[in-house]
Every structure is written in structure tokens, then in C-alpha cells.
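# Summary of structural features
Spelled out from the first residue to the last, the chains are:
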Amino acid sequence: MFEAYEFPATSQHGESVTLIAFLQFNANIQANGEAAYRLGPIHFSTMDGRPVDYHCLSGQFFCRDGCETFATDDEVVMNLLTL
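Below, the structure is looked at part by part. (Residues numbered from 1 in each chain as written. Predicted model: local features only at pLDDT ≥ 70, side-chain atom pairs only at ≥ 80, totals over all residues. Heavy atoms only, no water.)

### A look at the pairing of strand 5 (residues 60-63)
Alternating residues of strand 5 divide into Phe61 and Cys63, all buried, and Gln60 and Phe62, none buried. Where strand 4 (residues 51-55) lies against strand 5, 4 bridges are found, and the strand directions are antiparallel. Counted as the bridge partner of Val52 is Cys63 from strand 5. Linking strand 4 back to strand 5 in an antiparallel pair, the connection comprises 4 residues, with Gly59 at a positive phi of about 75°. Bridging between strand 5 and strand 6 (residues 69-71) involves 2 bridges; their strand directions are antiparallel. Bridge pairing in strand 6 links Phe62 to Thr69. Count of turn residues in the strand 5/strand 6 antiparallel hairpin: 5 residues, of which Gly66 carries a positive phi of about 80°. (Buried < 20%, exposed > 50% of the residue type's maximum accessible area, 1.4 Å probe, protein only. Helix = DSSP H or I, 4+ residues; strand = E, 2+ residues; numbered from the N terminus. Pairing = 2+ DSSP bridges.)

Written as C-alpha cells, this is what we have:
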């Protein structure tokens, strides 16, 4: 199962941007037959589809094409990254 979460960020130029976190949840079937979901990989991109990576040491997001960096203080995203 996949979910998308849009969150605000700021570019290194001070511009407001929206980034997208694509969350993957993996089903784990329990002994009683019910499915429990576990958070899998998280992928990030810009609104125009450019892939973005998160670097935990700097706390910033980087476009893979090397043209921009972004920062956010969105609590939901930061909590997901600590899982």
C-alpha cells in the first residue's frame, strides 16, 4: 500500500516549495489472518517530479540532479524519518 504526503519546505534561495513523501507500507499477515502494516521505504520528490534524497547528518533534502537543497520543519515528516 502506498500513501503520498505533501509537505512545505524552503529552498536554499528562501523560496517556499512543496515536497512529496511517498510512503510504502508492507503488509504483515498476523496469525489470526488480519493484516498489520509496517512502514517501508520512503521516497521523496519535488512537485515537478524531480527525485529528492534526505541526508540525516545535515537534516536537509537534496535534489538528485544537484541543483537545489531544501529544509523543512514539518513535524510529520521529521517523525517519519526518525522511525
